[in-house]
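# Coordinate analysis (summary)
Residue-level listing of the chains:
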Amino acid sequence: MAEGVKLLVGTTKGLFIVEGDPGRESWKVKGPHCDGWPINHAIGTGDSLWAGGGGEWSGAGVWRSTDGGESWELTRLTRGSMDEWAANDPDFAKMIGWTDTPLPHGTAFSQIWSLAHAHGRLYAGTKPAQLLVSTDGGESWDKVEGLTDHPSAAEWQGGGAGLVLHTILADPDDPRKLWVGISAAGVFATEDGGATWERRNRLSNAVCGHHDHPAAPRDGEIGHCVHNMKRAPGDGETIYQQNHHGVWRSSDGGRSWDDISAGLPSTFGFPIHVHPRDPATIWTLPLNGDSQGRYPPDAKAAVWKSTDAGTTWTDKRAGLPQEACFFTVLRQAMAGDRLEPAGVYFGTNSGSVFASRDAGESWSEVARHLPTVLGVEVVESA
């Protein structure tokens, strides 16, 4: 198993680790970890793993493991209703081992929604939307004030899940560059390590037309309800995003965006994924619409793949359910490995994890009956 693939699967009832053999044919499920906390997102490098989540009851926190997930330690960041209950009920406080220890961020946010590791730093996105940074492996966290104090912050509006910072992208070569996605405030980028941020939601000059959908592009912008983003490999600054209304590509680091939805069965979906070596190969999983059930069109599951940067799309259905399929795949629930051919993985709100070991051409169910899957990531090699 050590030489195979390790998936970190965040769910509403803890973190699960799904391990595949070197051939990605046999899979084993371990968990739940993290005391059954809701885990929105987890990441890992070698034996170092981090899982972020929480909620109104527990408050927000980041779990850390240095032994590949065998043991975990929690860094609590904010208080939840559990703290208020324990503060007023000594018996309950004793039962759960609670002490009235001040937490570093008070009640500033209720959940960790996203994590990223780059250039020796950890980043975390929260609900409501803030960006945190840690320079000590996740033991302590500071707020990135430059984003919180952005001039547009007072205008930010939450999406269906609230005002969440759900995507954090780093430049592999320049530690000063970061991009974040906030629903529903849009894309923000920094080129000075987080001191200042630019809002990047502009339509490209090539895009025109009118849409009646309230989340559709208008007023020269693509719409602020970005669902998920991925940065393409290579020297350029190509970024893809699945928006509430369409799939978009930017060739200039988010300064302008082109609509690449033509050929897809729907403009609505949550995740998007990009090939680890080919910047023109991407996958997404369209759903039938935001107010029509949020399941695959015609209740037939398909991952849609493009090998020409979104100019054309092909549906990949082999191994996926083709009748009575009503699952949803959430924004952080698709990921991939760096093997050859590239593996692609996604989890569903019905508790399944599907895997492709041939770059999305065919699929198999490698875990089932899990709680609602909120996030899927692949542990990177150390």
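This text follows the structure it describes.
Residues numbered from 1 in each chain as written. Predicted model: local features only at pLDDT ≥ 70, side-chain atom pairs only at ≥ 80, totals over all residues. Heavy atoms only, no water.

## Remarks on the packing of aromatic side chains
- On inspection of all chains with the given rule, the structure shows twelve aromatic pairs.
- Consider the rings of W37 and W63, whose centres lie 5.7 Å apart with planes at 85°: the pair is edge-to-face. Taken together, the residues span a long stretch of sequence, with W37 in the loop between β3 (27-33) and β4 (39-45) and W63 in strand β6 (residues 59-65) at a distance of 26 residues.
- Classification of W37 by relative accessible area gives buried; the value is 11%.
- Under the relative-accessibility criterion, W63 is labelled buried at 6%.
- Taken together, the ring pairs in this structure connect F327, F346, F354 and W363 into an aromatic cluster. (Phe/Tyr/Trp six-rings, centres within 6.5 Å; stacked < 30°, edge-to-face > 60°. Helix = DSSP H or I, 4+ residues; strand = E, 2+ residues; numbered from the N terminus. Buried < 20%, exposed > 50% of the residue type's maximum accessible area, 1.4 Å probe, protein only.)

## Details of the sheet that holds strand β20 (residues 268-274)
- Here four strands make up an open sheet; going across it, the order is β20-β21-β22-β23 and the pairing antiparallel. Here the strands that pair on one side only, and so sit at the sheet edges, are β20 and β23 (314-316). Averaged over all pairs of adjacent strands, the angle between strand axes in this sheet comes to 30°, irrespective of strand direction.
- As defined by bridge partners, strand β21 (residues 282-287) adjoins strand β22 (residues 303-306) across three bridges and the pair is classed as antiparallel. Paired with W283 across the bridge in β22 is K305. (Pairing = 2+ DSSP bridges. Axes fitted to C-alpha atoms, helices over the stretch in contact; angles between N-to-C directions.)

## Some points on the environment of G375
- Considering the arrangement of structural elements, one finds G375 in strand β28 (residues 373-378).
- On the basis of relative accessible area, G375 is assigned to the buried category, the value being 2%.
- Counting along the chain gives 46 residues from G375 to V329, while the straight-line C-alpha distance between them is 9.2 Å.
- Sequence-distant contacts of G375, that is, excluding residues within four places in its chain, are made with L8, V9, G10, N40, Q332 and A333. (Contact = heavy atoms within 4.5 Å.)

## With respect to the pattern of salt bridges
- Per the counting criterion, the structure on display carries 21 salt bridges.
- We note a salt bridge from K177 to E237, for which the minimum N-O separation is 2.9 Å. Placement of the pair is K177 in the loop between β12 (164-170) and β13 (178-183) and E237 in the loop between β16 (226-231) and β17 (239-243), with a sequence separation of 60 residues. Take K177 and E237: they sit in the same class, and that class is buried.
- With its nearest N and O atoms 2.6 Å apart, the salt bridge here joins R368 to E365.
- Given a relative accessible area of 51%, R368 falls into the exposed group.
- With a relative accessible area of 31%, E365 lands in the partly exposed category.
- Residues joined by salt bridges that share partners form a network here, namely K177, E191, E198, R200, E237 and R255. (Salt bridge = Lys/Arg side-chain N within 4 Å of Asp/Glu carboxyl O.)

## Topic: the sheet that holds strand β25 (residues 344-347)
- Overall, antiparallel pairing links the four strands, which are arranged β24-β25-β26-β27 in an open sheet. Edge positions in the sheet fall to β24 (334-336) and β27 (364-367), since each has one partner strand and no second. Direction aside, neighbouring strands of the sheet carry axes that sit 30° apart on average.
- Two elements, β24 and β25, share three bridges in a ladder whose sense is antiparallel.

Function cannot be read off these values alone, since they describe shape.
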